[in-house]
Amino acid sequence: MTKPFHPPQRTLMGPGPSDVSPRVLEALGRPTIGHLDPAFVGMMDEVKALLQYAFQTRNALTMPVSAPGSAGMETCFTNLVEPGDKVVICQNGVFGGRMKENVERCGGTAVMVENEWGHAIDPNKLDETLKAHPDAKIVAFVHAETSTGAQSDAKTLVEIAHHHDCLTIVDAVTSLGGTPVLVDEWQIDAVYSGSQKCLSCTPGLSPISFSQRALDKVRSRTHKVQSWFLDLNLVMGYWGDGGKRTYHHTAPVNALYGLHEALVILKEEGLENAWARHTKHHQALCAGLEAMGLSFVVAPEHRLPQLNAVTIPTGVDDIAIRSTLLNDYALEIGAGLGVMAGKVWRIGLMGHACNARNIYLCLSALDDVLSRAGAPIKRGVAVAAAQALLKD
Ligand SMILES: *Cc1c(COP(=O)(O)O)cnc(C)c1O
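Everything numeric here is computed off the predicted structure, so don't read it as measured data.

Chemist: I would appreciate a short explanation of empty space enclosed by the protein in the present structure.
Modeler: Where empty space is left can be seen by rolling a probe of water-molecule size over the atoms. Across all of its chains, the model carries 1 cavity of 30 Å³ or more by this definition. In this model, the largest cavity occupies a volume close to 70 Å³. What lines the largest cavity is Met63, Pro64, Val65, Ser66, Thr75, Phe229, Leu230, Leu232, Val235, Trp239 and His249. Those elements giving two or more residues to the lining of the largest cavity turn out to be strand E2 (61-65) and helix H8 (232-239). Among the residues forming the lining of the largest cavity, the class breakdown is 8 nonpolar, 3 polar and no charged.

As structure tokens, then:
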């Protein structure tokens, strides 16, 4: 007989999922009720209001898509791109490449603005590309590139896009809850995120927010959105404002209890405090890793606090080190993605996982495992370097 599955306890310091708070796990186990039950509908309104807080927006269309971050990405592209539309995509890592795939599958034409991986997106390159393509309708980019740990200046990129009369689609999957995402102030038109990164919820939900301008475009489409499930014109019958909610699909009821709890935790802490916590712990982790002799992929001014990519020392076996960390320390760190596979490790400090205890665990585990593997690191100094920045 197959037995019930009991996963091992891990510390999740990779690119997501991040450690989930016991409060969220407990919320997931509450009784399932109908997705049109008045009590549930009341909770949905709270989820929307809490997401508006997280995104710093008043956008009425702010809700979680019932699927992971990739579905939030698809929601933005399928609803906003019509066949024949030209979309400028700024790419500086793996996720920008997926945007291109999305545009092409919607029948649009993608114009790529290539930036070096590990660097922020260059606003001048975007401006030049838009000058050369005055017929472009949308600009899309990843705010926090999880594949490299680089953060781009979303506010400036959106400004440039608007200057050229383009709508903007912003990937805030890794940034939301860890670093400022000011949807209204920056005038982002469509944004999507994920539940399992800095929101520290379980994977499988994707918060999105659409401005009125973006919504107008969705409503005035001449072609039907090619995905029935993601068509916001239909989804809004269930998630929209104005009282009556009608069946579209069965909402993931318990998963939404979890998201509600995760957002309540974020609100209790306060967004500004959450951002400050990520920055402070990032600096401590960075001090420790650098004291040990590891070097960061991204220049200090563009580093994401919640995703720390470090170069794997030469001669060190990537897979062997990560499996020793997992087996001996129950610690997960991330592998490199795309062109960075085998070359970097990605150490996440996301949401609930962003705390001093995890930093000490990670630094002492790396100290031990790397020195056992004969890597040229400085032993016994990393934890103290981090502690110096965390003790008060
Ligand atoms: C994780 C991630 C996604 C995809 O989210 P899933 O929940 O894995 O589908 C998209 N963009 C970025 C920047 C991410 O980090």
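Chemist: Which parts of the structure should I look at to understand the domain arrangement of the protein?
Modeler: It is common to give the size of an interface as the accessible area that goes away when the parts come together. Split by domain assignment, the protein resolves into domain 1 (22-268) and domain 2 (271-390). One C-alpha centre belongs to domain 1, the other to domain 2, and the line joining them spans 29 Å. Taken together, the 29 residues of domain 1 in the interface contact 21 residues of domain 2. For the pair domain 1 and domain 2, the summed buried area comes to about 2,000 Å², and 67% of that belongs to carbon and sulfur atoms. On inspection of domain 1 and its partner domain 2, the count reaches 0 salt bridges. The interface formed by domain 1 and domain 2 includes 7 residue pairs in polar contact (both at pLDDT 80 or more).

Chemist: Looking at this structure, I do not really get the layout of surface pockets. What am I missing?
Modeler: Roughly 360 Å³ of volume is contained in the largest pocket. Taken together, 14 residues make up the lining of the largest pocket; nearest its centre are Gln9, Arg10, Asp19, Val20 and Leu25. Here the lining of the largest pocket is built from residues that sort into 6 nonpolar, 5 polar and 3 charged. Both domain 1 (22-268) and domain 2 (271-390) contribute no fewer than three residues apiece to the lining of the largest pocket.

Chemist: What exactly am I supposed to notice about the pattern of salt bridges here?
Modeler: For side chains bearing opposite charge, pairing can occur when the charged atoms are close. In total, this model carries 19 salt bridges according to the counting rule given. Among the ionic pairs, Glu26 bridges to Arg30, the shortest N-O distance being 2.7 Å. Residue classification places Glu26 among the partly exposed positions, given a relative accessible area of 45%. Arg30 gets classed as partly exposed once you look at its relative accessible area, which sits at 34%. A salt bridge links Arg277 to Glu269, with the nearest nitrogen and oxygen atoms 2.7 Å apart.

Chemist: Please explain unusual backbone geometry as it appears in this structure.
Modeler: Of all residues except glycine, most have a negative phi; of all peptide bonds, most are trans. Cis geometry is adopted by the peptide bond preceding Pro17, which originates at Gly16 and carries an omega value of 0°. Tracing the backbone through its elements, the reader meets Pro17 in the loop between strand E1 (11-13) and helix H1 (22-28). For Asp165, which is not glycine, the phi torsion reads 60° and is therefore positive. In this structure, Asp165 sits in the loop between helix H6 (154-163) and strand E8 (167-171). You will see that Ala330, though not glycine, has its phi angle at about 50°, which is positive. As for its placement among the helices and strands, Ala330 is situated in the loop between helix H11 (318-329) and strand E12 (331-335).

Chemist: Is there a simple way to explain the pairing of E8 in this structure?
Modeler: It is a general feature of regular strands that their side chains alternate between the two faces of the sheet. With 5 of 5 residues buried, E8 lies mostly within the body of the structure. Burial along E8 is two-sided: Leu167, Ile169 and Asp171 and Thr168 and Val170, pointing in opposite directions, are all buried. Bridge count for strand E5 (residues 138-142) against E8 is 5 bridges, and the pairing is parallel. The residue bridging Ala140 from the neighbouring strand is Ile169, located in E8.

Chemist: Explain the packing of helix H10 (residues 271-292) against helix H12 (residues 356-372) to me, please; I cannot follow it from the model alone.
Modeler: The angle between the axes and the distance between the axes are what describe a pair of packed helices. Contact geometry of H10 with H12 gives a least axis separation of 10 Å together with a crossing angle of 15°. Between H10 and H12, the angle falls in the class roughly parallel. Two packed elements cross with a definite hand, and for H10 against H12 that hand is right-handed. Each of His281, Ala284, Leu285, Gly288, Leu289 and Met292 in H10 lies in contact with H12, whose residues at this interface are Ala356, Ile359, Leu363, Leu366, Asp367 and Leu370.

Chemist: I tried to follow the pairing of strand E10 (residues 206-210) on my own but got confused; where do I start?
Modeler: A large share of E10 lies buried, amounting to 5 of its 5 residues. Side chains Ser206, Ile208 and Phe210 project from E10 onto one buried face, and the interleaved Pro207 and Ser209 project onto a second face that is buried too. In this structure, E2 lies alongside E10, joined through 5 bridges in antiparallel fashion. Paired with Pro64 across the strands is Pro207, a residue of E10. In terms of strand pairing, strand E9 (residues 190-192) meets E10 through 3 bridges, oriented antiparallel. Across the sheet, residue Val191 finds its bridge partner in E10, namely Ser209.

Chemist: Hey, could you run me through the side chain of Asp367 in this one?
Modeler: Mapping Asp367 onto the fold places it in helix H12. A polar contact is formed between the side chain of Asp367 and the side chain of Arg379, at a distance of 2.8 Å. Among residues more than four places away in sequence, those in contact with Asp367 are Met292, Ile377, Lys378, Arg379, Gly380 and Val381.

Chemist: What am I meant to see in the sheet that holds strand E3 (residues 86-91) here?
Modeler: The strands making up a sheet associate through hydrogen bonds between their backbones, and the pairing can be parallel or antiparallel. Ordered by their spatial adjacency, 7 strands build an open sheet running E2-E10-E9-E8-E5-E3-E4, and the pairing between neighbours is mixed. Because the sheet does not close on itself, it has two edges, and the strands there are E2 and strand E4 (109-114). Geometrically, the sheet is characterised by an average inter-axis angle of 15° between neighbouring strands, direction not taken into account. Across the sheet, helix H3 (residues 69-80) is in contact with E2, E5, E8, E9 and E10; its angle to E10 comes to roughly 25°.

Conventions adopted
Residues numbered from 1 in each chain as written. Predicted model: local features only at pLDDT ≥ 70, side-chain atom pairs only at ≥ 80, totals over all residues. Heavy atoms only, no water. 1 Å grid on protein atoms, 1.4 Å probe; cavity = no way out; pocket = protein on both sides within 12 Å on 5 of 7 lines; lining within 4 Å. Points joined across faces, edges and corners; volume = space filled by probe spheres on them. Helix = DSSP H or I, 4+ residues; strand = E, 2+ residues; numbered from the N terminus. Nonpolar A, V, L, I, M, F, W, Y, C, P; charged D, E, K, R; others polar. Domains from an automatic or database assignment. Contact = heavy atoms within 4.5 Å. Buried area = accessible area lost by both parts, 1.4 Å probe. Salt bridge = Lys/Arg side-chain N within 4 Å of Asp/Glu carboxyl O. Polar contact = N/O pair within 3.5 Å; in protein donor to acceptor, adjacent residues only side chain to side chain. Buried < 20%, exposed > 50% of the residue type's maximum accessible area, 1.4 Å probe, protein only. Pairing = 2+ DSSP bridges. Axes fitted to C-alpha atoms, helices over the stretch in contact; angles between N-to-C directions. Parallel < 35°, antiparallel > 145°, perpendicular 65-115°, else oblique. Left-handed = near helix turned anticlockwise from the far one by under 90°.

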